[in-house]
There are 2 protein chains.
Amino acid sequence: MQDVARRAGVALSTVSATLTGARPVSVATRTRVEAAMDQLGYRPNALARGLASRRSRVLALTYPVGDSGLSRTSAEFVISAAAVAQERGYQLVLWPFGVDDADGVLDVARQGLADGVLVMEVHAGDARVAALRGAGVPVALIGRTADEADPDLPTVDVDFAATVADAVAHLARLGHRRLAFVNHAERRLAEGHGPTLRASAAWTAELLARGLDPVQVYAEESVAGGRAALAALLDGPDPAPTAVVTMNEEATFGVVAELAARGVAVPAALSVLAVVSSPAVAGQTVPPLTTLHAPGAQLGRAGVDALLALLGTGTVPAPVLEPCRLVDLGSTGPVPTPAGAGALAGSGTP
Amino acid sequence: MQDVARRAGVALSTVSATLTGARPVSVATRTRVEAAMDQLGYRPNALARGLASRRSRVLALTYPVGDSGLSRTSAEFVISAAAVAQERGYQLVLWPFGVDDADGVLDVARQGLADGVLVMEVHAGDARVAALRGAGVPVALIGRTADEADPDLPTVDVDFAATVADAVAHLARLGHRRLAFVNHAERRLAEGHGPTLRASAAWTAELLARGLDPVQVYAEESVAGGRAALAALLDGPDPAPTAVVTMNEEATFGVVAELAARGVAVPAALSVLAVVSSPAVAGQTVPPLTTLHAPGAQLGRAGVDALLALLGTGTVPAPVLEPCRLVDLGSTGPVPTPAGAGALAGSGTP
DNA sequence: TTGAAAGCGCTACCAT
DNA sequence: ATGGTAGCGCTTTCAA
C-alpha cells in the first residue's frame, strides 16, 4: 500500500481512504490512486485490514458434526450462505462442532477471526448460543428453538405453519379429505426438535380448522421407519388416507417402498406429498415425488443478511420465516373415486 | 496479551514464546504464564497472529458454484475437510467460484486470508490452478486433470482403476461374465472430465484382461438418461448383461426405475452395482443398491493433509489415490442360471 | 481535502 | 532463559 501511495504521489492514509471511503477523496486523487493500484496489481491484505479495523469481514457457520453428514437441505443452506457472504464481500468459515460443544465454539470464536456466527440446528436451551452471547459474539440462529424465539437474536427458519397449510390446501383442492402426516420420530418431541414440534402443531390446527381428522404418525428416520409408518396408516383401524404428507426425508423413501410393495398406485390410489424436502432428493424415487421444497438457499441468504444487519446496525432484525415452494413432480392427484360413485368427472390417471 | 504478561510478571515476548514454543521457556515461567492466561480467559487473536507471522492458519476450499448444488460425495468431502482442518488447528473458508472464474479466486486469494487453497473438481487446463500457481499461492488438487498429474502439485483423487477392478472382481466372483458399464455423458469425455475418462479406460482394460466384452454406455446425468441407457443395453443387439455397473448417480435412479418398469428382479435377474457413489444415496432406492462408496471423507482428510504438508515442508507430497469401499446393500447376487442348466447349485434368491 | 503518526495484537529478532 | 523492540499492513485519529 505504501507502494501505491508513492506511485500515486499521495499519503498512505489517502490510499486507505480511497479504499474504505472513510473520508472524502477528490476525484482527481481517487483516479490517480486507482490507476496506481491496478498498475501494481494491488490487493489489500485481509488480515491487516481486519486487525486495524476490528472487522475481519469473515462470518462463521457452525453446524453439528453428525455421523450421517449434512442433509441435502442443510447442504443447500451452507452453499447458499457461502455464496451470499461472497456477494456481500465477506468470507464464510466452517466451524464443525457438536451441538453441546459450547466450549469448542467459544474457543474459536474468541480468536476473533469471525465478526459473527451463524448457528445451525439450534435446539432448545442451546449451549453454543448461550456461550457466544455471553462472550458478546454476534449471533444469528438458523431454526428457532422450541421456545419462543429470543427477541434479542436474529432468527431465520422454515415457515412450518405456512408450509403445512399449503400442503393441506393443495391436497384439499384435489378433493382429499382423509389426510395423514408422517412426522419425524416421536423422540424428537422430547428433544425439543423445532421442526417436529411446529409441524405437528400446524398440522393439527390446520386439519381441525378444516373439520378434518388430523391423523399423524411418527416415523424413525429410516426406510424401515417409513415403511412401518405407512403400514400403520393403511392397516390401522381408521379408514385409510387418500393422501399422505411426509416431512421425514429418510422415511419418505420407506413410504414409497411400502407403497410399491403393496402395489398401491401413486397418485391414482394414493397421493404423496413430501414437505420440507428437496426435489433433488424426492425426484429420485419412482415415481418422483411432488415436493414442498425446503427453502435452504433462501434461508442461507436470509441468515447471512440477518447477521450482517445485526453487525451493521447493532439492532436485531425481525425474524424471517420462509415458506416451502411447491414443485409438482406428479405424485399428487385427484382423490380416487371409490366405487365410480363420485360426483367429480375426470379420470385423473393418464 | 500485555495483561497476561503483567499478571505473570514476565515480558510480553515471553508470553508469546510460551504460546508458540518459538524459544525455550522454563517450566516455572511457563506455569505462571499459563495460570495467568486462564485466569484472564485469554485467547490469542487470530488476525494479529496471522499478520505478524505471515501464517493465518486458514485454508480455503474453492468449488464450482453449480445450479444443482454439491453432490453427496462433494458434500462429504467439504465436511470432512472442515473437520480435519479443525483437528489440525486450521479453519476452512469457502470460496464458491465457477471453474473458469480464475480472476475471482485469484482476487480473494491475494487478500492473504488463506495460507493455501484446495481446488475441487479440477479439469484439464484449469484456469484457477494456473492463476493461483502464477501468484505463488500454495495449492492442492482434488481430482486430477485428464492429463498426467503435475508433479509440482499435491493431488488427491479417487482411485478409479482400483474401484473398477474391485467392482468387476466382485461381480466376477458371483459368476457374472456379461457386464455393462453406465458411465457419465459422452460429452464429458471431450470436456476432459477425469472420472469419465479414467473409469472408461479402467473398465475397458479390466474387462479385456479378463477376456470379457467391455460393454459401456454413456448416460446423461438424469433419470431419463439412466432409463435410456439401460434400455439400450437390454434392447440392443448384444446379449443382455447379467450385471450393470453404474457410475452416474443421477442416471442410477433411472436404471433402477427402468428395471422396475420392466419387472426385472434385482438381483435375481440382474445385479446392479453403483460405483463411486454414496450408500446414503444408493440406499434410498428400492431395492437399495450395493455401492462402492466414494471416499469423500478420506479425500477431504488427504487433501487437507497434502496441502498442510506442502505448507509445512515446501515439498510436494506424493499423489494420493483412495479406492472406494464396498457397501453391500443386496443388489448384487449370483449370475442367474438361464434354463436351470447351470453347473452352480444354490438358488441365490431368498 | 490531505498528510502524519499512533496503534490494532501479535511474532521475530535483537540483546542480555 | 528472558526482556526489549521493531515491524506485519492496514485504519484511524488528529492536524494542517
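All values derive from a computational prediction rather than experimental measurement.

Participant: Give me the lowdown on the overall build of chain A, citing residues and values where you can.
Facilitator: Across its full length, chain A carries 14 helices and twelve strands. Here the C-alpha atoms of chain A give a radius of gyration of 26 Å, more than 25% beyond the 20 Å that 2.2 N^0.38 yields for 350 residues. Taken across its 350 residues, chain A has 50% of its residues classed as buried. Here the contacts in chain A between residues at least 6 apart in sequence split such that 70% fall between residues at least 24 apart. Per element, the accessible surface of chain A, about 14,700 Å² overall, is 55% carbon and sulfur. Distance between charge centres in chain A, computed from 27 positive and 34 negative side chains, equals 11 Å.

Participant: Before we move on, could you go through the relation of the copies chain A and chain B and cite the residues and values that matter?
Facilitator: When chain A is fitted onto chain B, the two copies agree to an RMSD of 0.1 Å after a turn of 180 degrees and an axial shift of 0.0 Å. The superposition operator between the copies reduces to a two-fold rotation axis. No C-alpha of chain A lies nearer the rotation axis than that of Val93 of chain A, which sits 2.1 Å from it. Residue by residue, 100% of the interface of chain A is reproduced at the interface of chain B, so both copies engage with the same surface.

Participant: Give a detailed account of the interface of chain A and chain B, specifying residues and quantitative values.
Facilitator: Interface size is often expressed as the accessible area that is lost when the parts come together. Facing the 42 residues of chain A at the interface are 42 residues of chain B. Counting each side, the surface lost to burial between chain A and chain B is near 3,700 Å², with a carbon and sulfur contribution of 59%. Inspection of the region where chain A meets chain B yields two salt bridges. Taking the shortest distance from any N to any O, the salt bridge between Asp107 of chain A and Arg43 of chain B comes out at 2.9 Å. Summed over the shared surface of chain A and chain B, the result is 14 residue pairs in polar contact (both at pLDDT 80 or more). Classifying every residue of the side of chain A that touches chain B gives 26 nonpolar, twelve polar and four charged.

Participant: Go over the pattern of salt bridges, please, and point to the residues and values.
Facilitator: Residues and elements named next belong to chain A. In this structure the tally under the stated criterion is 34 salt bridges over all chains. For the salt bridge of Glu34 with Arg30, the shortest nitrogen-to-oxygen distance reads 3.5 Å. Here the residue Glu34 and the residue Arg30 both occupy positions in helix α3 (residues 27–40), the gap between them amounting to four residues, near one helical turn. Since its relative accessible area comes to 37%, Glu34 is described here as partly exposed. Classification of Arg30 as partly exposed rests on a relative accessible area of 28%. Between Asp152 and Arg133 there is a salt bridge, with its nearest N and O atoms 3.6 Å apart.

Participant: Pulling in residues and values, what's your account of the packing of aromatic side chains?
Facilitator: Residue and element names in this part refer to chain A. On inspection of all chains with the given rule, the structure shows two aromatic pairs over all chains. Ring centres 5.0 Å apart and planes at 20 degrees place the aromatic pair Phe181 and Trp203 in the stacked group. Of this pair, Phe181 sits in strand β6 (residues 179–183) while Trp203 sits in helix α10 (residues 194–209), and the two are 22 residues apart along the sequence. The exposure classification of Phe181 matches that of Trp203, with both residues buried.

Participant: Any chance you could break down the protein's contact with DNA strand D for me, citing the residues and the numbers?
Facilitator: Taken together, 26 residues are adjacent to DNA strand D, and Ser16 of chain A together with Ser13, Thr14, Arg23 and Ser26 of chain B come closest. Residue Ser26 of chain B places a main-chain N or O atom 2.7 Å away from a phosphate oxygen belonging to DNA strand D. Sorting the residues of the surface near DNA strand D by element identifies α2 (12–20) and α4 (46–53) of chain A together with α2 (12–20) and α4 (46–53) of chain B as the ones contributing at least two each. In terms of residues, the surface near DNA strand D owes the most to one element, α4 of chain A, which gives four residues.

Participant: Please give an account of the sheet that holds strand β7 (residues 215–218) of chain B that cites residues and values.
Facilitator: Residue and element names in this part refer to chain B. A sheet is described by the order of its strands in space; here six strands give the open sequence β7-β6-β8-β9-β10-β12, paired in mixed fashion. Either end of the sheet is taken by a strand with one partner, and the two such strands are β7 and β12 (325–327). Each strand axis lies, on average, 20 degrees off the axis of its neighbour in the sheet, ignoring direction. Against the sheet, helix α8 (residues 160–173) engages β6 (179–183), β8 (243–246), β9 (271–277), β10 (290–293) and β12, with an angle of about 165 degrees to β9.

Participant: Would you mind going over the side chain of Asp126 of chain A in detail, with residue names and values included?
Facilitator: When you line up the elements, Asp126 of chain A lands in the loop between β3 (116–119) and α7 (127–134). Those residues within four positions of Asp126 of chain A in sequence are excluded, and the remaining contacts are Val99 and Glu121 of chain A.

Participant: Which residues make up the environment of Ser26 of chain A, and what are the values?
Facilitator: Examined against the element boundaries, Ser26 of chain A turns out to sit in the loop between α2 and α3. Put simply, Ser26 of chain A and Ala48 of chain A are 22 residues apart on the chain and 25 Å apart in space, counted from C-alpha to C-alpha.

Participant: Quick one: what's the story with the UniProt feature "domain: HTH lacI-type" (unreviewed entry) in chain A, residue by residue and with numbers?
Facilitator: Within this structure's numbering, the places UniProt gives as "domain: HTH lacI-type" (unreviewed entry) are residues 1–53 of chain A. This span, residues 1–53 of chain A, is 72% helix and 0% strand, and a straight line between its end C-alpha atoms measures 16 Å.

Participant: Please provide a residue-by-residue account of helix α11 (residues 223–235) of chain B, values included.
Facilitator: Turn by turn, an α-helix covers 3.6 residues, leaving residues three or four places apart pointing in a common direction. In this model α11 of chain B runs 18 Å from its N-terminal to its C-terminal C-alpha over 13 residues, within 8% of the 18 Å that 1.5 Å per residue would give. Of all the residues in α11 of chain B, the buried ones are Gly225, Gly226, Ala229, Leu230, Ala231 and Leu233 of chain B.

Participant: For the packing of α4 of chain A against α4 of chain B, give the residues involved together with the corresponding values.
Facilitator: It is the contact of α4 of chain A with α4 of chain B, at a shortest axis distance of 9 Å, that shows an interaxial angle of 135 degrees. As judged from the angle between their axes, α4 of chain A and α4 of chain B are oblique. Helix-helix and strand crossings are classified by hand; for α4 of chain A and α4 of chain B the assignment is left-handed. Side by side, α4 of chain A and α4 of chain B meet where Leu47, Ala48, Gly50 and Leu51 of chain A of the first sit next to Leu47, Ala48, Gly50 and Leu51 of chain B of the second. Considered class by class, the residues forming the contact of α4 of chain A with α4 of chain B number six nonpolar, two polar and no charged.

Participant: Any chance you could break down the side chain of Thr290 of chain A for me, citing the residues and the numbers?
Facilitator: Residue and element names in this part refer to chain A. Take Thr290: it is sitting in strand β10 (residues 290–293). The class for Thr290 is buried, based on a relative accessible area of 0%. For Thr290, the side chain forms a polar contact with the side chain of Asp328, separated by 2.9 Å. In contact with Thr290, other than residues within four places in its own chain, are Val272, Leu273, Ala274, Leu326, Val327, Asp328, Leu329, Gly330, Ser331 and Thr332.

What counts, and at which threshold
Residues numbered from 1 in each chain as written. Chains lettered and ligands numbered in written order. Predicted model: local features only at pLDDT ≥ 70, side-chain atom pairs only at ≥ 80, totals over all residues. Heavy atoms only, no water. Helix = DSSP H or I, 4+ residues; strand = E, 2+ residues; numbered from the N terminus. Rg over C-alpha atoms; globule rule 2.2 N^0.38 Å. Buried < 20%, exposed > 50% of the residue type's maximum accessible area, 1.4 Å probe, protein only. Contact = heavy atoms within 4.5 Å. Areas by Shrake-Rupley, 256 points an atom, 1.4 Å probe, with all protein chains shown as cover. Lys, Arg positive; Asp, Glu negative; His and termini not counted. Charge placed at Lys NZ, Arg CZ, Asp CG, Glu CD. Least-squares fit on C-alpha atoms with pLDDT ≥ 70 in both. Buried area = accessible area lost by both parts, 1.4 Å probe. Salt bridge = Lys/Arg side-chain N within 4 Å of Asp/Glu carboxyl O. Polar contact = N/O pair within 3.5 Å; in protein donor to acceptor, adjacent residues only side chain to side chain. Nonpolar A, V, L, I, M, F, W, Y, C, P; charged D, E, K, R; others polar. Phe/Tyr/Trp six-rings, centres within 6.5 Å; stacked < 30°, edge-to-face > 60°. Near = heavy atom within 4 Å. Pairing = 2+ DSSP bridges. Axes fitted to C-alpha atoms, helices over the stretch in contact; angles between N-to-C directions. UniProt positions renumbered as here; feature names shortened; annotations may be inferred. Expected span 1.5 Å × (residues − 1). Parallel < 35°, antiparallel > 145°, perpendicular 65-115°, else oblique. Left-handed = near helix turned anticlockwise from the far one by under 90°.

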